[in-house]
Amino acid sequence: MDRSAEFRKWKAQCLSKADLSRKGSVDEDVVELVQFLNMRDQFFTTSSCAGRILLLDQGINGFEVQKQNCCWLLVTHKLCVKDDVIVALKKANGDATLKFEPFVLHVQCRQLQDAQILHSMAIDSGFRNSGITVGKRGKTMLAVRSTHGLEVPLSHKGKLMVTEEYIDFLLNVANQKMEENKKRIERFCNCLQHALERETMTNLHPKIKEKNNSSYIHKKKRNPEKTRAQCITKESDEELENDDDDDLGINVTIFPEDY
């Protein structure tokens with residue numbers, strides 16, 4: 001079986017499976033993005049989360065917050081209010097931790113160059129912890145991630161360790177991160193749509209592609225510093241650079257043979 005046919009087989013198998021996530025469906029803020037990628041021949045999504053604020057209760061014998069060994073007291077993909085957290089905290093018996101987890105998306109790509117397009121758009125949109133993983137069987141996976149998360153313990157053995165005023169402060173921080181997270185998703189969607197439209201046009205018109213490649217090489221010699229996507233403004237770049245301190249390189253690892 002050739003590589004393209006094998007990719008189509010993987011895609012059909014993946015998209016035909018039931019959604020096994022805790023929620024059981026794609027988050028509202030990324031439904032259009034997931035559908036857009038899955039309609040393209042060269043991509044399909046394997047998992048996603050639009051970003052969420054959650055309160056977890058870890059058992060009294062553990063110190064690390066591990067989702068599979070804890071109780072979910074509260075989870076929301078929208079902005080969160082203090083009263084909801086206070087009510088949820090009353091159910092905690094162990095160590096309760098407030099978390100904000102930013103948008104994450106995993107996409108299997110037909111070829112490495114397809115993954116590189118998505119990776120470039122993700123980096124330029126603020127998801128600077130994104131990376132590409134190549135498996136030995138030829139599976140090329142792109143993970144869209146960022147590091148502007150939040151994780152703060154609030155109680156220990158069921159006893160609240162902070163004031164309500166501090167909880168209110170933490171929620172303001174978490175809600176600001178949620179709003180920034182949504183802006184980055186929208187930026188990623190716009191940049192990705194424009195990039196794939198350009199790719200489609202160049203594939204339909206090889207002469208344009210050849211001209212664009214020559215123009216790119218010429219511009220690269222004259223302006224080697226201008227490598228960022230034009231859909232990002234200078235102000236947005238400065239904001240993102242101040243917010244994340246991530247390695248901008250492509251991460252490539254090799255999965256075991258049975259991946």
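Thresholds, definitions, all that
Residues numbered from 1 in each chain as written. Predicted model: local features only at pLDDT ≥ 70, side-chain atom pairs only at ≥ 80, totals over all residues. Heavy atoms only, no water. UniProt positions renumbered as here; feature names shortened; annotations may be inferred. Pairing = 2+ DSSP bridges. Helix = DSSP H or I, 4+ residues; strand = E, 2+ residues; numbered from the N terminus. Axes fitted to C-alpha atoms, helices over the stretch in contact; angles between N-to-C directions. pLDDT = per-residue confidence, 0-100. Contact = heavy atoms within 4.5 Å. Core = buried A, V, L, I, M, F, W, Y, C linked by side-chain atoms within 4.5 Å. Buried < 20%, exposed > 50% of the residue type's maximum accessible area, 1.4 Å probe, protein only. 1 Å grid on protein atoms, 1.4 Å probe; cavity = no way out; pocket = protein on both sides within 12 Å on 5 of 7 lines; lining within 4 Å. Points joined across faces, edges and corners; volume = space filled by probe spheres on them. Nonpolar A, V, L, I, M, F, W, Y, C, P; charged D, E, K, R; others polar. Salt bridge = Lys/Arg side-chain N within 4 Å of Asp/Glu carboxyl O.

- Going by the annotation in an unreviewed UniProt entry, the name recorded for the protein is tRNA wybutosine-synthesizing protein 3 homolog, with Pan troglodytes given as the source organism.
- Of the comments in the UniProt record for the protein, the one headed Function (unreviewed entry) reads "Probable S-adenosyl-L-methionine-dependent methyltransferase that acts as a component of the wybutosine biosynthesis pathway. Wybutosine is a hyper modified guanosine with a tricyclic base found at the 3'-position adjacent to the anticodon of eukaryotic phenylalanine tRNA."
- Quoted verbatim from the Sequence similarities (unreviewed entry) field of UniProt, the annotation for the protein is "Belongs to the TYW3 family."

1. Focus: the sheet that holds strand β1 (residues 43-49)
Working step 1: Read across the open sheet, the four strands follow the order β1-β5-β7-β6; overall the sheet is antiparallel. Among the strands making up the open sheet, the edge pair consists of β1 and β6 (131-134). The sheet shows a mean angle of 20 degrees between the axes of neighbouring strands, direction not considered.
Working step 2: By the bridge criterion, six bridges tie β1 to strand β5 (residues 104-109) in an arrangement that is antiparallel. Bridge pairing in β5 places Phe44 opposite Gln108.

2. Description of the confidence of the model for the protein
Working step 1: Taken as a whole, the protein shows an average pLDDT of 80; of its residues, 73% reach a score of 70 or greater.
Working step 2: Across residues 232-242, where pLDDT falls below 50, the model places 17 contacts with residues more than four positions away in sequence or in other chains.
Working step 3: Scored below 50 in pLDDT, residues 244-251 makes 24 contacts in the model with residues more than four places away or belonging to other chains.

3. Thoughts on the nonpolar core
Working step 1: In terms of nonpolar packing, the biggest core is built from 24 residues, with Leu37, Phe103, Leu105, Val144, Phe188 and Leu192 touching the most fellow members.
Working step 2: Among the secondary structure elements, those contributing two or more residues to this core are α2 (31-38), β5, α4 (112-124), β7 (140-144) and α5 (164-204).
Working step 3: Here this core gets six residues from one element, more than from any other, and that element is α5.
Working step 4: In terms of nonpolar packing, the next biggest core, distinct from the first, is built from 22 residues, Ile53, Ala88, Ala92 and Val162 among them.

4. Considering the pairing of β7
Working step 1: Extensive coverage of β7 is indicated by the burial of five of its five residues.
Working step 2: Side chains Thr140, Leu142 and Val144 project from β7 onto one buried face, and the interleaved Met141 and Ala143 project onto a second face that is buried too.
Working step 3: Two strands pair when backbone bridges link them, and β6 and β7 are joined in this way by four bridges, in the antiparallel orientation. In the sheet register, Val134 faces β7, and the bridge partner there is Thr140.
Working step 4: Turn length for the β6-β7 hairpin, with the two strands adjacent in sequence and antiparallel, is five residues, and the turn residue Gly138 shows positive phi of about 100 degrees.

5. A few points about the layout of surface pockets
In this approach, a probe sized like a water molecule rolls over the atoms, and the result shows the empty space that is left.
Working step 1: Of the voids in this model, the second largest pocket is the one considered here, and its volume is about 930 Å³.
Working step 2: Surrounding the second largest pocket, 34 residues form its lining, Asp19, Ser21, Thr46, Ser47 and Ser48 being those nearest its centre.
Working step 3: Those elements that place two or more of their residues in the lining of the second largest pocket are α1 (3-16), α2, β1, β3 (70-76) and β5.
Working step 4: Top element by residues in the lining of the second largest pocket is β1. It accounts for six residues.
Working step 5: Here the residues of the lining of the second largest pocket are counted per class, giving 14 nonpolar, 11 polar and nine charged.

6. Focus on the pattern of salt bridges
Working step 1: Enumeration over the complete set of coordinates arrives at eight salt bridges.
Working step 2: Here Lys99 ties to Glu151 by a salt bridge, and the two come within 3.9 Å at their closest N and O atoms. In this pair, Lys99 sits in strand β4 (residues 95-101) while Glu151 sits in strand β8 (residues 150-153), placing the two residues 52 residues apart along the sequence.
Working step 3: Ionic contacts of the salt-bridge type, sharing partners, join the residues Arg52, Lys99, Glu101 and Glu151 into one network.

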